[in-house]
Amino acid sequence: MYKSKEDYELHYWLVTKPNFDFKVYDRYLAAWKVDRQKNLGDVLEVGTGPYCGCLPLLSAKSKVALDPLFKEYRELGLLKLNEGIELVTGVIEKIDETSLAGRTFDTVLTANALDHGSSDFSSLLRISSVLKAGGLFFMHVHLRTPQQLNFGHDHSLNLGQLEEQSKKAGLVEVWKRVEQIDPVLPDAAFLTVIGCWQKA
């Protein structure tokens, strides 16, 4: 049915467009305990989709959205809520090949994004590389078992990998929750990690 992961993602956004639940972004911020009135400095959100993720709801010095499909979103009329947000086409695993090479951020967000990528938790090394010292990383991710994989989610992740790679990346756990059912996306019956890490 799908020719690529890109086709899979575009199909999702096209199908959900008529009744997309924009309140999901409020639920991410609530789950992360983020005060949307507090200025978070320079903020990067990875894998935002066409609606720029949580960025439109945040107070920040600057806001950058990183996603590989901005060109396609625009062509399909999906792109919205991007006023005041810098749109950068790319993936976190190859961030040095984008216009963000050499830039750093006070805050990085990944909401239901890392398990859509092409790598395992080694991508945390790239996230750490763009975080300023003392910067905060807010993550929401599904830990799918091999039996739960599909075309758009083709690698399983586990807590051991998360802990190992976050330490290797110099990311210190501030807090995390591990839930059997996703509290943000209640129809997602996957082991879910929600938490905050700080760059040492």
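Before reading on, note that the structure itself is shown above.
Calculation rules
Residues numbered from 1 in each chain as written. Predicted model: local features only at pLDDT ≥ 70, side-chain atom pairs only at ≥ 80, totals over all residues. Heavy atoms only, no water. Helix = DSSP H or I, 4+ residues; strand = E, 2+ residues; numbered from the N terminus. Buried < 20%, exposed > 50% of the residue type's maximum accessible area, 1.4 Å probe, protein only. 1 Å grid on protein atoms, 1.4 Å probe; cavity = no way out; pocket = protein on both sides within 12 Å on 5 of 7 lines; lining within 4 Å. Points joined across faces, edges and corners; volume = space filled by probe spheres on them. Nonpolar A, V, L, I, M, F, W, Y, C, P; charged D, E, K, R; others polar. Pairing = 2+ DSSP bridges. Core = buried A, V, L, I, M, F, W, Y, C linked by side-chain atoms within 4.5 Å. Contact = heavy atoms within 4.5 Å. Polar contact = N/O pair within 3.5 Å; in protein donor to acceptor, adjacent residues only side chain to side chain. Salt bridge = Lys/Arg side-chain N within 4 Å of Asp/Glu carboxyl O.

Caption draft 1: Here's a closer look at unusual backbone geometry. The backbone of Cys52 shows a phi angle near 65 degrees, a positive value even though the residue is not glycine. Tracing the chain through its elements places Cys52 in the loop between strand E1 (42–46) and strand E2 (62–67). With a relative accessible area of 0%, Cys52 lands in the buried category.

Caption draft 2: Broad picture of the layout of surface pockets. Here the largest pocket defines a volume of roughly 1100 Å³. Glu9, Trp13, Asn112, Ala113 and His116 are the residues nearest the centre of the largest pocket, which is lined by 45 residues in total. Those elements that place two or more of their residues in the lining of the largest pocket are helix H1 (5–16), helix H2 (23–32), E1 and E2. Ranked by residue count, the leading element in the lining of the largest pocket is H1, at 7 residues. Here the residues of the lining of the largest pocket sort into 21 nonpolar, 13 polar and 11 charged. Its boundaries defined by the atoms lining it, the second largest pocket holds a volume of some 190 Å³. As for the second largest pocket, its lining consists of Trp32, Lys33, Val34, Asp35, Lys38, Asn39, Leu40, Asp106, Thr107, Leu136, Phe138 and Trp175.

Caption draft 3: Inspection of the pairing of strand E7 (residues 191–199) at higher detail. Judged from the 8 bridges that link them, strand E5 (residues 131–143) and E7 form a sheet pairing that is antiparallel. Its bridge partner being in E7, Leu136 is matched across the sheet by Gln198. In terms of strand pairing, strand E6 (residues 171–179) meets E7 through 8 bridges, oriented antiparallel. Bridged to Lys176 within E7 is Gly195.

Caption draft 4: Molecular detail of the nonpolar core. Among the nonpolar cores identified, the biggest contains 34 residues, and Tyr25, Tyr28, Trp32, Leu58 and Tyr73 are the most heavily contacted of them. Among the elements of the structure, H1, H2, helix H3 (70–75), strand E4 (105–111) and E7 are those that each provide at least two residues to this core. When residues in this core are grouped by element, the largest group, 6 residues, is from H2. Every residue in contact with Leu58, bar those within four places of it in the chain, is listed here: Leu29, Val34, Arg36, Leu40, Val43, Lys63 and Leu109. Counting 26 residues, the second-largest nonpolar core is a separate cluster that includes Val64, Leu66, Ile95 and Val193.

Caption draft 5: Expanded view of the side chain of His153. Within the secondary structure, His153 is located in the loop between E5 and helix H5 (159–168). Classification of His153 as buried rests on a relative accessible area of 4%. Here His116 takes part through its side chain, which lies 3.1 Å from a polar atom of the side chain of His153. There is a polar contact of 3.3 Å between the side chain of His153 and the side chain of Arg144. When neighbours within four sequence positions are excluded, His153 is seen to be in contact with Tyr8, Asp115, His116 and Arg144.

Caption draft 6: Main features of the pattern of salt bridges. If you walk through the whole model with that rule in mind, you get 12 salt bridges. A salt bridge links Asp26 to Arg36, with the nearest nitrogen and oxygen atoms 2.9 Å apart. One end of the pair, Asp26, is in helix H2; the other, Arg36, is in the loop between H2 and E1, and 10 residues separate them in sequence. The class of Asp26 is partly exposed, set by a relative accessible area of 23%.

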